[in-house]
Amino acid sequence: MTTTEIPTASRTRQDAAVKKPPRRRREGAAWVFLSPWVLGASVLTLLPMAVSLYLSFTDYDLFNPPQWVGLRNYTQMFTEDPRYWRSVVATLTYVVIAVPLQLGLALIVALALKSMRRGKGFYRSAFYAPSLLGASMSIALVWRAVFNDGGTVDNLLGTGGWVNQPGWALFAVALLTVWQFGAPMVIFLAGLQQIPSELYEAAAVDGASRWRQFLSITVPMLSPVIFFNLVLQTIQAFQVFTPAFAVSAGKGGPADSTLFYTLYLYDRGFVASHMGYASAMAWTLLLAIGAVTAVLFRTSRSWVFYASDTDGGA
Amino acid sequence: MRSCATAAVLALCAALSGCSGSGDSGGGGKAVLRYTWWGNPDRAARTEEAVALFEKQHPGIDIQTSFAGYDAYKQKLATQAAGGDAPDVMQLDYRMIDQYASGGVLLDLAKQRSALSTADIDAGLLATGVVDGKQYAVPQARGTETIVYDTKQWKATGVELPREGWTWNDWADTMRALAKKSGKPGGTDPGWSEDAFEVWLRGQGKNLYTKDQQLGFDADDLTKWWTFTDKLRREGAVSPAEQTTQLDGTVENTPLGRGGKAISDNNWDAPSSGFLALVPSGVTLAPMPSGEDGTPGQYFKPSMFMGIADNSGYPEQAAQFIDFMLNDADAAKTLGATRGIPVNESIREAITPELKDFDKTVADFQASLDGDLNAPPKAPPSGDNALQTTFQRDYDQVSYERMSPREAAENYITEAKAELRS
């Protein structure tokens, strides 16, 4: 053992001595190529993040220099601001409603598209289209008109304007999100096409029903993709802003029912000019999303199946 | 770790992405001024006309205008001002002056005294644009609140018409009678409006804010007000919550303006001209109700101010433009009373006989109150800007019956104290 090891070690040392200068030069080149990103990330992301962390401990009204107030923003948020908690509840309700509905719909449509023989391309584009439109303000404004009193939904169903009823306004916003299921759908579709057809053939030979095949083949084989979509959409749902802003005409109403976290954050920062408070809210949101994502990753161990793991074991 | 990093990056994107970008197009060697205001399409049309007149007189100055509804304007201006990108000439509300002046956004107008004359403006009104002894903004017009009603519909019910000196109890009885006769709410629920609350409060000899800028009322006062309006709403005498929640200061979103869903509204006098396009049979202006002992609550408020950005590249041209808007006879003729009755006294005297249509209605309405009202309060503290929205949000909790008037009022007092502390 020792006799063979010593030459090996010395040989690598020699190799390292020979290769060192070129490697350093290559590193330099890497930094040059990375520089646009590094610059952007540090100037536009890391620096503002650091400033925002500092501001969260200050009282800052945008116009006058920030005043250090320690943890006051945080204590006020948690103990003295009933509207803050209403915004937390509204956001959680929204996440719990919108994310499963959106992913469920995306999966159903992806399954339907997968088994289609003709026109797949057309329908895939057609279902994807709302996701392209959805980010725009105009579609949210149309949404408000459709769900307002005297709007299309009111005229068809006679339910009154959803956007003016605290029990329904959140659903109007959630529906807008659900409608934009294109991105997760495309990912699901790609995932479905990765599942080897032999598995289905074998199951069919064994007499498994369609439903059985879905539960025992599709779901486990697709679970990494489901997990990916779940994490991504949950993070996005926590940060919902544009639809709620437009649908509630910027107020998060009625009765704070669509006052999502980011909307209240915006309100505190840009309407009430409490940038310190808004920064404290942003950092709390960051930590909360981080925690939720960490929990998702932890639970994933028990239900996400990576085919490669078992391959590696074999 | 990976999850945290992903979350961090994504959360940050949301926190940081905002609206930005304003493509300033050069005007070929001209001084290009940006002028922004809030208002309705009628005001916009007449303002554009006045701006065109100014540009004709001053070929070297190009004015780019933009306007929005009050709520949207308020937010946009705050964002622009904070980013150091305030428009050269901006229309300001009473509530904005303290904040923008102390925050260094506004130019001390004394620096442009030669270009901007304020000699013809009533000294008391002019003083409302002073912060810390410096004139940061000039009042452009005065306005007062009004009960504006659909003349034809009100008369059809046979209910007695409102008159000066009527009390809040008279008003409530009238709303009930109107609702009973017409089958729709007599008026907009005023509970959402901090302005209406102020009128009610002043009718009892109190104020929104004390002289040292603290709250001038307590939870009991607010509970009383919200109990009063909430009861009327439950009776159907004033608009339901679904209508009230849509109010944002524009006449288009009032029940009266949304296809006659109520017979009257409480609003500011000049903006009520917007009702003409929405209520085909015409509207009439009536005074706001007084306190039970006859104390008038409404007052002549500087309805808006004009100010110049401290970092404007063309402060002198901006001052010339403000001077034109305030003191030029032709401009006054074009603008009429779309911003309220002008504060320039000689202009006011000159144009009053020539006013027509709704401008005349407003002028006559103000003349009927002249001398009867108490002096305006000091400009509100900067926190009031945010509290106006908070007030409406808290009343939403009452009108949707999520909270009792007492609970909501106590919430408001807590929030207001926190707001004024900072």
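Note that the coordinates shown come from a computational prediction; the quantities given were computed from them, not determined experimentally.

Undergrad: Just checking my understanding: could you explain the overall build of chain A for this structure?
TA: Across its full length, chain A holds 14 helices and 2 strands. With 314 residues in all, chain A has 34% of them scored as buried. Across chain A, contacts joining residues at least 24 apart in sequence account for 68% of those joining residues at least 6 apart.

Undergrad: Just checking my understanding: could you explain the interface of chain A and chain B for this structure?
TA: How big an interface is tends to be reported as the loss of accessible area on association of its parts. On the chain B side, the residues contacting the 40 residues of chain A number 36 residues. Among the elements of the structure, α1 (2-55), α2 (72-80), α12 (261-271) and α13 (275-303) of chain A are those that each provide at least two residues to the side of chain A that touches chain B. The dominant element in the side of chain A that touches chain B, judged by the number of residues it contributes, is α13(A), at 8 residues. Broken down by class, the residue content of the side of chain A that touches chain B amounts to 20 nonpolar, 15 polar and 5 charged.

Undergrad: Would you mind going over the UniProt feature "transmembrane region" (unreviewed entry) in chain A with me for this structure?
TA: All names here are of chain A. Look at the UniProt record and you will see "transmembrane region" (unreviewed entry) annotated at residues 29-55, 92-113, 125-147, 167-192, 213-232 and 275-297. Each end of residues 213-232 is marked by a C-alpha atom, and these two atoms are 27 Å apart; helix forms 100% of the span and strand 0%. For residues 275-297, helix accounts for 100% and strand for 0%, while the C-alpha atoms at its two ends are 33 Å apart.

Undergrad: Whenever I open this one, the domain arrangement of chain B confuses me. Can you help?
TA: Residue and element names in this part refer to chain B. Domain annotation of chain B identifies domain 1 (28-143 + 301-369) and domain 2 (145-298 + 383-421). Computed over C-alpha atoms only, the centres of domain 1 and domain 2 are separated by 28 Å. Taken together, the contact pairs 22 residues of domain 1 with 18 residues of domain 2. Within the residue set of the side of domain 1 that touches domain 2, elements represented by two or more residues are α3 (70-82), α4 (94-102), β6 (138-143) and α15 (357-369). In terms of residue count, the dominant contributor to the side of domain 1 that touches domain 2 is α15 (7 residues).

Undergrad: I keep staring at the confidence of the model for chain B and nothing clicks. Help me out?
TA: Regions with low pLDDT carry predicted coordinates that are not meant to be interpreted in detail. All names here are of chain B. Summing up the model confidence of chain B, the mean pLDDT is 85 and the portion of residues at 70 or higher is 93%. Counting contacts from residues 1-27, a segment whose pLDDT is below 50, to residues more than four positions away or on other chains yields 28 contacts. The ipTM value of the predicted complex is 0.76, and its pTM value is 0.79.

Undergrad: Can you walk me through the pairing of strand β1 (residues 31-38) of chain B in this structure?
TA: All names here are of chain B. Here 8 bridges tie β1 to strand β2 (residues 61-68), and the two strands are oriented parallel to one another. Across the sheet, the residue bridging to R34 is Q64, located in β2. Each parallel crossover has a hand, and for β1 linked through helix α2 (residues 41-57) to β2 it is right-handed. As paired elements, β1 and strand β3 (residues 89-92) share 2 bridges and run parallel to each other.

Undergrad: Looking at this structure, I do not really get the environment of F391(B). What am I missing?
TA: Residue and element names in this part refer to chain B. With respect to the helices and strands, F391 occurs in helix α16 (residues 384-399). As for F391 and W192, which are separated by 199 residues in sequence, their C-alpha atoms are 6.7 Å apart. Apart from residues no more than four positions distant in its own chain, F391 is found in contact with E194 and Y412.

Undergrad: Please explain the sheet that holds strand β11 (residues 341-342) of chain B as it appears in this structure.
TA: In sheet architecture, strand pairing relies on hydrogen bonds along the backbone and comes in two forms, parallel and antiparallel. All names here are of chain B. On the basis of which strands lie adjacent, the open sheet formed by 6 strands has the order β2-β1-β3-β10-β6-β11 and mixed pairing. Because the sheet does not close on itself, it has two edges, and the strands there are β2 and β11. The sheet contact formed by β6 and strand β10 (residues 301-308) spans 5 bridges and is antiparallel. Bridging from a neighbouring strand, A141 pairs with M304 of β10.

Undergrad: I'm lost on the environment of E160(B) in this one. Help?
TA: Residues and elements named next belong to chain B. Summarising the element assignment, E160 is placed in the loop between α6 (151-157) and α7 (168-182). A residue is classified by how many C-beta atoms lie within 10 Å of it, and E160, with 12 of them, is exposed. Here the alpha-carbon distance between E160 and A177, two residues 17 residues apart in the chain, equals 9.3 Å.

Undergrad: Hey, could you run me through the sheet that holds strand β7 (residues 145-150) of chain B in this one?
TA: All names here are of chain B. On the basis of which strands lie adjacent, the open sheet formed by 3 strands has the order β8-β7-β9 and antiparallel pairing. Only two strands of the sheet have a single partner each, and these edge strands are β8 (264-268) and β9 (283-286). The average angle at which neighbouring strand axes cross in this sheet is 35°, direction not considered. Examined bridge by bridge, β7 and β9 share 4 bridges and lie antiparallel to one another. Its bridge partner being in β9, I147 is matched across the sheet by A286.

Analysis parameters
- Residues numbered from 1 in each chain as written.
- Chains lettered and ligands numbered in written order.
- Predicted model: local features only at pLDDT ≥ 70, side-chain atom pairs only at ≥ 80, totals over all residues.
- Helix = DSSP H or I, 4+ residues; strand = E, 2+ residues; numbered from the N terminus.
- Buried ≥ 20, exposed ≤ 12 C-beta atoms within 10 Å, placed from the backbone.
- Contact = placed C-beta atoms within 7 Å.
- Nonpolar A, V, L, I, M, F, W, Y, C, P; charged D, E, K, R; others polar.
- UniProt positions renumbered as here; feature names shortened; annotations may be inferred.
- Domains from an automatic or database assignment.
- pLDDT = per-residue confidence, 0-100.
- Pairing = 2+ DSSP bridges.
- Right-handed = clockwise from strand over helix to strand, strands pointing away.
- Axes fitted to C-alpha atoms, helices over the stretch in contact; angles between N-to-C directions.

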